[in-house]
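# Structure at a glance
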Amino acid sequence: EVQLLESGGGLVQPGGSLRLSCAASGFIFSNYALSWVRQAPGKGLEWVSGISYSGGSTHFADSVKGRFTISRDNSKNTLYLQMISLTAEDTGVYYCAKNVAYSYGSNYGMDVWGQGTTVTVSS
Amino acid sequence: QSVLTQPPSASGTPGQRVSISCSGSSSNIESDYVWWYQQLPGTAPKLLIYTNNQRPSGVPDRFSGSKSGTSASLAISGLRSEDEADYYCATWDDSLSVWVFGGGTKLTVL
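Residues numbered from 1 in each chain as written. Chains lettered and ligands numbered in written order. Predicted model: local features only at pLDDT ≥ 70, side-chain atom pairs only at ≥ 80, totals over all residues. Heavy atoms only, no water.

### Regarding the overall build of chain B
We count it as follows: Here a helix means four or more residues in a row that DSSP labels H or I, a strand means two or more in a row labelled E, and each is numbered from the N terminus. C-alpha atoms define the radius of gyration in this analysis, and the globule rule sets the expected value at 2.2 Å times the number of residues to the power 0.38. Here's how the labels work: a residue is buried when its accessible area is under 20% of the maximum for its type, exposed when over 50%, partly exposed in between, all with a 1.4 Å probe on protein chains only. Throughout, a residue-residue contact means that at least one pair of heavy atoms, one from each residue, lies within 4.5 Å. Methods summary: accessible areas were calculated by the Shrake-Rupley approach with a probe of 1.4 Å, and residue burial reflects only the protein chains presented. Under this rule, positive means Lys or Arg and negative means Asp or Glu; His and the chain ends count for nothing. The atom standing in for a charge is NZ when the residue is Lys, CZ when it is Arg, CG when it is Asp and CD when it is Glu.
Counting secondary structure elements, chain B contains zero helices and nine strands. Each helix (α) and strand (β) of chain B, taken in turn from the N terminus, gives the series β-β-β-β-β-β-β-β-β. The C-alpha radius of gyration computed for chain B amounts to 13 Å, which stays within 12% of the reference 13 Å derived for 110 residues, consistent with globular compactness. Dimensions of chain B, computed from C-alpha atoms along their principal axes, come out at roughly 40 × 25 × 25 Å. Out of the 110 residues in chain B, the part that is buried amounts to 47%. Counted over contacts in chain B with a minimum sequence separation of 6, partners at least 24 positions apart contribute 58%. Of the roughly 4900 Å² of accessible surface on chain B, a fraction of 45% belongs to carbon and sulfur atoms. For chain B, the separation between the mean place of its 7 positive charges and that of its 9 negative charges on side chains is 9 Å.

Structure (structure tokens):
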């Protein structure tokens, strides 16, 4: 069974940093692209970032560009999201999602999602 | 303001057929596949429809998707109480180079 398990969320002050992790199992991790999608309280879904199967290609939403870094360790079957300079607008549930192929781009959507980890940015 | 436009709410009675629309543009829906996700209350999104009209295994054939030009729609026939959820359309935007989602439609089964 394909599973994604996020961790690392919590309460952080504005301007602070946090690193999220997503541990994967049940599929050949190094063959698939991965994405982070977030959901602010009571709001809709927002794609935050994607990373290709090898880590050689990444993309970010404009709202996080320059502040968030996505990476992966294929030897540990783990995806990461490093977040810095956090603001209240970054508060929400962060989901890790598996893309259906080696790329996260055009036509390669997300088929499996983790249960999410909650990030709260507040003083 | 979402790049893809969905009605904020929809409703129907058990057994009815409901349809949820998703409107975009030439840089997203018209040029790429549309994906639909179901989010039950308090849970993670779940893939419902991929590449416009394909159902993953385990998704009932009551759910169907279609696309025409810059719009797409999700249809649910034989509505059941367990279909009460939020539904999101999604696609890649070639101009923005990001995945874009609709604002979501809350489906109520009366």
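Having seen the model, we can carry on.
### Here's the deal with the state of the cysteines
We count it as follows: In this description, a disulfide is simply a cysteine sulfur pair whose atoms lie within 2.5 Å.
Applying the stated criterion across every chain yields a total of two disulfides over all chains. One disulfide in the model links C22(A) with C96(A); its S-S distance is 2.1 Å. Judged by the sign of its S-S torsion, about -70 degrees, the bond between C22(A) and C96(A) is left-handed. Taken together, the positions of C22(A) in strand β3 (residues 18-25) and C96(A) in strand β9 (residues 92-99) put the pair 74 residues apart, joining distant regions of the chain. By relative accessible area, C96(A) is classed as buried at 0%. Disulfide pairing places C22(B) opposite C89(B) at an S-S distance of 2.0 Å. Disulfide C22(B) to C89(B): torsion about the S-S bond roughly 75 degrees, handedness right-handed. Taken together, the positions of C22(B) in strand β2 (residues 18-23) and C89(B) in strand β7 (residues 85-93) put the pair 67 residues apart, joining distant regions of the chain. Given a relative accessible area of 0%, C89(B) falls into the buried group.

### Description of the sheet that holds strand β8 (residues 78-83) of chain A
Residues and elements named next belong to chain A. The condition that has to hold: Here, a strand pair is defined by DSSP locating no fewer than two bridges between the strands. Note on definitions: angles span 0 to 180 degrees between N-to-C directions of axes, and those axes are lines fitted to C-alpha atoms, for helices only across the stretch in contact.
Strand order in this open sheet of four strands is β1-β3-β8-β7, and the pairing throughout is antiparallel. Bordering the open sheet on either side are β1 (3-7) and β7 (68-73), each of which pairs with just one other strand. Direction aside, neighbouring strands of the sheet carry axes that sit 15 degrees apart on average. Bridge count for β3 against β8 is six bridges, and the pairing is antiparallel. Each bridged residue has a counterpart across the sheet, and for L18 the counterpart in β8 is M83.

### Some points on the pairing of β3(A)
When β1(A) meets β3(A), the two strands line up antiparallel, connected through five bridges. Paired with S7(A) across the bridge in β3(A) is S21(A).

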